[in-house]
Amino acid sequence: MAGDDGPPLRLRSRKACVVGAGMAGLAAARELRREGHAVTVMEQRGDVGGQWLYDPRTDAADLLGAAPAPVRVHSSMYASVRLISPRETMGFSDFQFVPSRHGGGEGGAGDPRRFPDHREVYRYLRDFCDAFGLMDAVRLNTRVVRVAMAPRPPGEGGEPKWAVMSMNVRESEGESDQEEEAAVQEEVFDAVVVANGHYSQPKLPTINGMEQWRRRQLHSHSYRVPDPFRGEVVVLVGCGDSGLDIALDLCGVAREVHLTAKSVEAATTPAMSKMLANHGDLHLRPRVDRLRHDGRVVFADGSSVVADAVIYCTGYAYSFPFLDTGGLVTVDDNRVGPLFEHVFPPALAPSLSFVGVPRKAIAPWLFEAQARWIARVLSGRSSLPPPEEMLRAVEEYNRAREVAGVPKKYSHDIGGVDPSVRTFSCRLLASRISLHSMSNNFFDQEMYEFVAKYTDLPRVEEWKREIILTLLRNVKDDRETFRDRDDDSENVRQSVQRWLAMSAAQGGATD
Ligand SMILES: Cc1cc2nc3c(=O)[nH]c(=O)nc-3n(C[C@H](O)[C@H](O)[C@H](O)COP(=O)(O)OP(=O)(O)OC[C@H]3O[C@@H](n4cnc5c(N)ncnc54)[C@H](O)[C@@H]3O)c2cc1C
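Residues numbered from 1 in each chain as written. Predicted model: local features only at pLDDT ≥ 70, side-chain atom pairs only at ≥ 80, totals over all residues.

Draft legend 1. View of the site of the ligand. The ligand sits among 32 residues. The nearest are Gly20, Gly22, Gly50, Gly197 and Gly356. Within the residue set of the shell around the ligand, elements represented by two or more residues are helix H1 (23–34) and strand E4 (142–149). Of the residues forming the shell around the ligand, the biggest block, 3 residues, is contributed by H1. (Near = placed C-beta within 6 Å. Helix = DSSP H or I, 4+ residues; strand = E, 2+ residues; numbered from the N terminus.)

Draft legend 2. Here's a closer look at helix H3 (residues 241–250). Taken across its 10 residues, H3 has 7 buried, putting it largely inside the fold. When H3 is considered as a whole, its buried residues turn out to be Ser242, Gly243, Leu244, Ile246, Ala247, Asp249 and Leu250. Of the surrounding secondary structure, the elements contacted by the buried residues of H3 are strand E11 (233–237), strand E12 (256–261), strand E13 (282–286) and strand E17 (309–312). The positive-phi residue at the C-terminal boundary of H3 is Gly252, with phi of around 85 degrees. (Buried ≥ 20, exposed ≤ 12 C-beta atoms within 10 Å, placed from the backbone. Contact = placed C-beta atoms within 7 Å.)

Draft legend 3. Molecular detail of the sheet that holds strand E22 (residues 352–354). An order of E3-E2-E1-E8-E22 is seen for the 5 strands of this open sheet, with the pairing classed as parallel. Only two strands of the sheet have a single neighbouring strand rather than two, namely strand E3 (138–139) and E22. (Pairing = 2+ DSSP bridges.)

Draft legend 4. Up close: helix H5 (residues 270–278). Within H5, burial applies to Ala271, Met272 and Met275. Buried residues of H5, seen end-on, are gathered within an arc of 100 degrees and therefore sit on one face of the element. Of the exposed residues in H5, those oriented more than 90 degrees away from the buried face are Pro270, Ser273 and Ala277. Summarising the contacts, the buried residues of H5 are in contact with helix H4 (264–267), E13 and helix H9 (462–477). (Arc of directions from axis to C-beta.)

Below, the structure is given as structure tokens:
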């Protein structure tokens, strides 16, 4: 494997703590164990799955999520979520995301569609845990409240150790989690892998009058079902994937749905035109200019509506409220840094690492690669460049992106940059899964190069690339039907059949 220094004589086993048991944390747990490390996964919720563990509760007292982090309800899934990425590309390399054979019960019945509902991903992650015996490494209902370097005994050098403070929490119906007092524990670990996700902490725009507006305002983080908006006039700020999905969810339930875009011209795709033609109650508007006392929402072109509710579909912020690195890792304008290859903070590597930071990546494939790299660096099988070299690489990476005109807030979007930007890390940028960018660069060579450099994971097969490219075409054409089209080529059809047959060999997603 490229990037290795040859087989070391003895691999080290480290005592590692993983924060979070979502897709990234589970990938980390599996890879760390495989490499012989002793792993404890701390998960604040009562089950694994992260975002995919649907939570009907919301942060009821703070629907905008504007209070200081962390939000108390982690999952931002709404009830109607169906995948935007095809299941064929959403599996672990050796445990494919084939349709589950669950007949009901916990997690409900299976959903065999290519773009299944969110419960199918939850069931898959549970099955993954079972198949690899991960549950005995996971400590549920355990919220990490502080991670900081453990004090070193005088005269002792070497890599830092980490003190992890956690407390028991319990999920209570109807309201956000309750912390159980006096249940705080502190443990010391050789390594901490941060995998707490980044689709929970709302990012909000600043809009004139927002603070004073007395009608309902919430972030999409707190949207679950359309029913509370029955008969209402609803304005949706932002028309990314969540904005579009929620708009469709509300059509036919709300009286009027006004979807706003920074640029109406850019938002008027063939898919948008079809949506507008199909739903008389849906309107596309320019950005919101201000919210008035009387309930009127004024748009940038001077038009306005009297609205009952405003839903901000404006994305999420990275947030590590438990992490105290003494300023060595910071979040600045949604850039977590410095992080070498989005994984290791140079000054604290390898004992502190992050899995799952990149956005618009192929998950869990990339998480698996990151986790395998971390596990091997910790064991000594692989090595990192010296800290100053890693730091220089991060700086070059950031500079290259700036030159390419990528705003800082998109630092971890591993796509959408000028392909002429060619520092190694930037090679990752050429592939992306944003259904908005829809670049045909999606499965560019560079992402494979990254994975190949640090791991021995198999490549994503050609037929899967073909599915993605078809998806990218279809979503441009019709937002409402792209998930249910039956237009596979003969090659894809046959490959899918072979792939399904293979599920028996992997033990499949079991009953
Ligand atoms: C509405 C919606 C739709 C999406 N659709 C897709 C899609 O179609 N395809 C796709 O690839 N991705 C999609 N995503 C992104 C999806 O969230 C990621 O693919 C994936 O779930 C990220 O996994 P993760 O493990 O990094 O984070 P998460 O799934 O968020 O897991 C993080 C875990 O860490 C735990 N945690 C956090 N803080 C602490 C703490 N202090 N102590 C202990 N535990 C903690 C959380 O409880 C959680 O279980 C979607 C996201 C949303 C919100």
